[in-house]
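# Structure at a glance
Listed below are the residues making up each chain.
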Amino acid sequence: KNSVVETDVLVLGAGPGGYSAAFRAADLGVKVTLVERYAELGGVCLNVGCIPSKALLHVAATLHEAEESAQMGVRFARPELDIDRILAFKDGTVKKLTDGIRRMTRQRKVDVEQGTGTFTGPNQLLVTRDDETETQIQFKHAIIAAGSRPVKLPFLPDDDRIFDSTGALALRDVPPRLAILGGGIIGLEMATVYQALGSEVTIIEAASQLVPAADADLVRVYQRYNRDRFTIELKTRVTGVKAEPDALILTVEAADGTCREIAADALLVAVGRRPNGDLTAATRAGVVVDDRGFIPVDAQQRTNVPHIYAIGDIVGDPMLAHKATHQGHVAAEVIAGHNRRFEPLAIPSIAYTNPEIAWTGLTEQQAKAQGIAYAVAVFPWSVSGRALGAGRGEGKTKLIYDPETDRLLGAGLVGIHAGELLGELTLALEFGASVEDLGLTIHAHPTLHETVGLAGELAAGTVTDVL
Ligand code: FAD
């Protein structure tokens, strides 16, 4: 039935940004109402993003390890795949986490209103449900955490063999030939999963490199390692797709203007995500939403309307769960009267591919573009005992630092477990470490993280030659 609710803080959207903001506000003694259109809490990240993709990537990594172990003299029989059990593993992983979020809302007495929220004024939001009942929420403060959705390409036919990341994670089948439009992190992670499960994968990317935000030298290592696994078409655009009964026929245009056709059994569209700013009617509360759907905010996550805040994917790049979480904490603490700002020195990014590509702080391409004076030290994993002992000497650890002060400005890694090695480097950046500090820190031998210390020594000049 219809109802009216009064609350101190309304949080719109229960993704990593929204639930983190709601929990922090509740912990600080503020009355919170969390509005989410779906029955499951956790947003994109828990339901159709970070978590299901990592569960499937773990399955892919197991298959890759079994395959790669042949070079160490251990050969397994051809793996038998039980797709239903793989799906159950993935869904079970998601459920453990979404159930956990639900439990935490109860423990903290966060009131959850299920339904689609649209602002009707600067202090009101209307929640509408499928059964047509409504709740009118009166709030003192609001935090908009409505996230983002996949970009759709208007020229693609409506065909169930064409899907986005959500469709790819649903894993209805393993198409013999999968084309992936977009060579960013999401496209490459799904390429890793489907290739491991048996698809022949073609990645089509308009830019001149895969993962355009990462430094080219790291991506080159990834690409070389995968040259026999994927067909990679760079500087190539898909201009049309014909849905024929037995195949999808993609027309692709290369940089020189020549066109050709590629046949595929399925097409994953992973060309980016757009913010949901247009879906919340925030403008009716007076909030500025820019023409791309982003909501501009200041360092305290405040929109142009002082009692309304916005966090996560909806405020801009990078669209990452941990950025949303930290922004959620800032917004909640500011509302509770604390003097907090979102001013990270580094936001880590990871492609959980094989090998992984990971970077934090300044990249070399950003340093160049911004005219920042920098120096680079690279420690090759071809001389790391641990990497070689895993048969994976292709990786590298790269430090970007200020040549005057030796202060670390950024770091990039490519290699197995690169993402796990990034924690130390992000902490080093936040602590204002110099490359010498990294070199003087005793790293256990033999580990992959030892390459961080050795890169620090190379940069500081205490080691001059790695061989
Ligand atoms: P979301 O998670 O998008 O949550 C927004 C919520 O708001 C949703 O639940 C939505 O239903 C709800 N909502 C929207 N409008 C309304 C409305 N009007 N009324 C009610 N509810 C509404 N990031 C990482 O950091 N690491 C990863 O490994 C990673 N992997 C990813 C893999 C994939 C395949 C995808 C698609 C994304 C991945 N991301 C990853 C990105 C990550 O999922 C997002 O950055 C993160 O979910 C953003 O959190 P958010 O709180 O801003 O919004």
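Everything numeric in this text was worked out from a predicted model, so none of it was measured.

Looking now at the sheet that holds strand β21 (residues 396-401). If you walk across this open sheet you meet the 5 strands as β18-β19-β22-β21-β20, and the pairing is antiparallel. Edge positions in the sheet fall to β18 (349-351) and β20 (375-380), since each of these pairs with one other strand and no more. Within the sheet, the average angular offset between the axes of one strand and its neighbour, ignoring direction, is 10°. Summarising the sheet, β21 and strand β22 (residues 408-415) pair through 6 bridges and their orientation is antiparallel. Across the sheet, the residue bridging to Tyr-401 is Leu-408, located in β22. Helix-sheet contacts for helix α7 (residues 216-225) involve β19 (356-361), β21 and β22, and the interaxial angle to β22 is about 5°. Set on the sheet, helix α11 (residues 418-430) makes contact with β18, β19 and β22; between it and β19 the angle comes to about 10°.

Among the 11 residues of helix α13 (residues 450-460), 9 are classified as buried, and the element is accordingly described as predominantly covered. Among all positions in α13, only Glu-450, Thr-451, Val-452, Gly-453, Leu-454, Ala-455, Gly-456, Leu-458 and Ala-459 are buried. Check the buried side of α13 and you find it contacts β20, α10 (385-389), β21, α11 and α12 (435-440). Residue Gly-461 follows α13 closely and has a positive phi angle near 85°.

Attention now moves to the site of the ligand. Taken together, the neighbourhood of the ligand is formed by 36 residues, with Gly-13, Gly-15, Gly-43, Gly-147 and Gly-312 sitting nearest. Of all the secondary-structure elements, those providing two or more residues to the shell around the ligand are α1 (16-27), β2 (32-36), α2 (43-48), α3 (50-68), β4 (116-121) and α8 (321-335). Here the residues of the shell around the ligand sort into 17 nonpolar, 16 polar and 3 charged.

Here we take up the nonpolar core. Formed by 135 residues in total, the largest nonpolar core has its most connected members in Val-11, Ile-144, Ile-180 and Leu-267. With 9 residues, the single largest contributor to this core is helix α6 (residues 185-197). Beyond its immediate stretch of four places on either side in the chain, Leu-267 contacts Arg-161, Ile-162, Ala-179, Leu-181, Val-241, Leu-248 and Leu-250.

Let us look at the packing of α1 against α8. Where α1 contacts α8, the two axes come as close as 7 Å, and the packing angle between them is 30°. With respect to α8, the element α1 is oriented roughly parallel. Handedness of the crossing formed by α1 with α8: right-handed. Touching Pro-16, Gly-17, Gly-18, Ser-20, Ala-21, Arg-24 and Ala-25 of α1 are Ala-321, Ala-324, Thr-325, Gln-327, Gly-328, His-329, Ala-331, Ala-332, Glu-333 and Ile-335, all from α8. Per-class residue counts for the contact of α1 with α8 are 8 nonpolar, 7 polar and 2 charged.

Calculation criteria
- Residues numbered from 1 in each chain as written.
- Predicted model: local features only at pLDDT ≥ 70, side-chain atom pairs only at ≥ 80, totals over all residues.
- Pairing = 2+ DSSP bridges.
- Helix = DSSP H or I, 4+ residues; strand = E, 2+ residues; numbered from the N terminus.
- Axes fitted to C-alpha atoms, helices over the stretch in contact; angles between N-to-C directions.
- Contact = placed C-beta atoms within 7 Å.
- Buried ≥ 20, exposed ≤ 12 C-beta atoms within 10 Å, placed from the backbone.
- Near = placed C-beta within 6 Å.
- Nonpolar A, V, L, I, M, F, W, Y, C, P; charged D, E, K, R; others polar.
- Core = buried A, V, L, I, M, F, W, Y, C linked by C-beta atoms within 7 Å.
- Parallel < 35°, antiparallel > 145°, perpendicular 65-115°, else oblique.
- Left-handed = near helix turned anticlockwise from the far one by under 90°.

Function cannot be inferred from these measures alone, as they are strictly geometric.
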